[in-house]
Amino acid sequence: MANAGGAWDNAKKFVEVDLADKTSSLHDASVVGDTVGDPFKDTSSVSLNPIIKFTTLFGLLAVEIAVSLNPSQARIFGFILVLLGLFFVWKSFYKMRINDSDEVVQPVKEKVNESKEEEEEEDEEEEEEEEEEEEEEEEEEEEEEEEEEEEEEEEEEEEAKNKAEEEAKKKAEEEAKKKAEEEAKKKAEEEAKKKAEEEAKKKAEEEAKKKAE
């Protein structure tokens, strides 16, 4: 444990000093390793060392006591030690358990429940805000679609108006051309009639002169 904690601590120093990296995921991982490595290096391994020494020393003393006692005394002494061990096991693991009815646990549970309720309320508020934002976005999209449709309709109407105006202009031009052609034809016919009348008059005059002569 001491070696592992020291390795994690040195890894963080290596990343921060040698690599000069304090923003990447590698640095975040080294910070987590150092957080776990410090208690490994400074507390857990150091506290286990005297426990191991004490257990070995107690084992040697117990062997000497067991060898020096009679078999009957050794059995009684061993039974007493077993009872003591069971008592300490019960006191360590079962007696020290925290019950739900404990005065210390209830406020903690209340705080935990309050925090959960607050988190649920925050989640609900966030969900409501997200739903409102989605609704607003949908409304904006619908409005944009309606505006686009209106613009397309207006463009189509303008195009139809322009086409109608162009067709009306074309019709007016065609009618004007037809009228001009008809008037030209009428004028030509009138001129032709006048010429024919004049020629007929001239012929009549000439015939009258001939007769007179």
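Preceding this paragraph is the structure being described.
Now for a description of the structure that goes with this document. (Residues numbered from 1 in each chain as written. Predicted model: local features only at pLDDT ≥ 70, side-chain atom pairs only at ≥ 80, totals over all residues. Heavy atoms only, no water.)

So, helix H1 (residues 2-18)
Compared with an ideal rise of 1.5 Å per residue, which puts 17 residues at 24 Å, H1 spans 23 Å between its outermost C-alpha atoms and is within 8% of the ideal. What H1 keeps buried is the set Gly-5, Gly-6, Asp-9 and Val-15. Structurally, H1 contributes buried residues whose contacts are with helix H2 (25-68). Just beyond H1, the residue with positive phi is Ala-20, at close to 55°. (Helix = DSSP H or I, 4+ residues; strand = E, 2+ residues; numbered from the N terminus. Expected span 1.5 Å × (residues − 1). Buried < 20%, exposed > 50% of the residue type's maximum accessible area, 1.4 Å probe, protein only. Contact = heavy atoms within 4.5 Å.)

A short note on the packing of aromatic side chains
Counted by the stated rule, this structure contains four aromatic pairs. Ring centres of Phe-54 and Phe-58 lie 6.1 Å apart, and the angle between their planes is 25°; this geometry places the pair in the stacked category. Pair noted here: Phe-54 and Phe-58 are both in helix H2, with a separation of four residues, about one helical turn. With a relative accessible area of 47%, Phe-58 lands in the partly exposed category. With 6.1 Å between their ring centres and 40° between their planes, Phe-87 and Trp-90 make a pair best called tilted. Residue Phe-87 and its partner Trp-90 are located together in helix H3 (residues 71-93), separated by three residues, close to a single helical turn. A residue is classified by how much of its surface remains accessible, and Phe-87, at 39% relative accessible area, is partly exposed. Connected via pairs of aromatic rings, a cluster forms that spans Phe-87, Phe-88 and Trp-90. (Phe/Tyr/Trp six-rings, centres within 6.5 Å; stacked < 30°, edge-to-face > 60°.)

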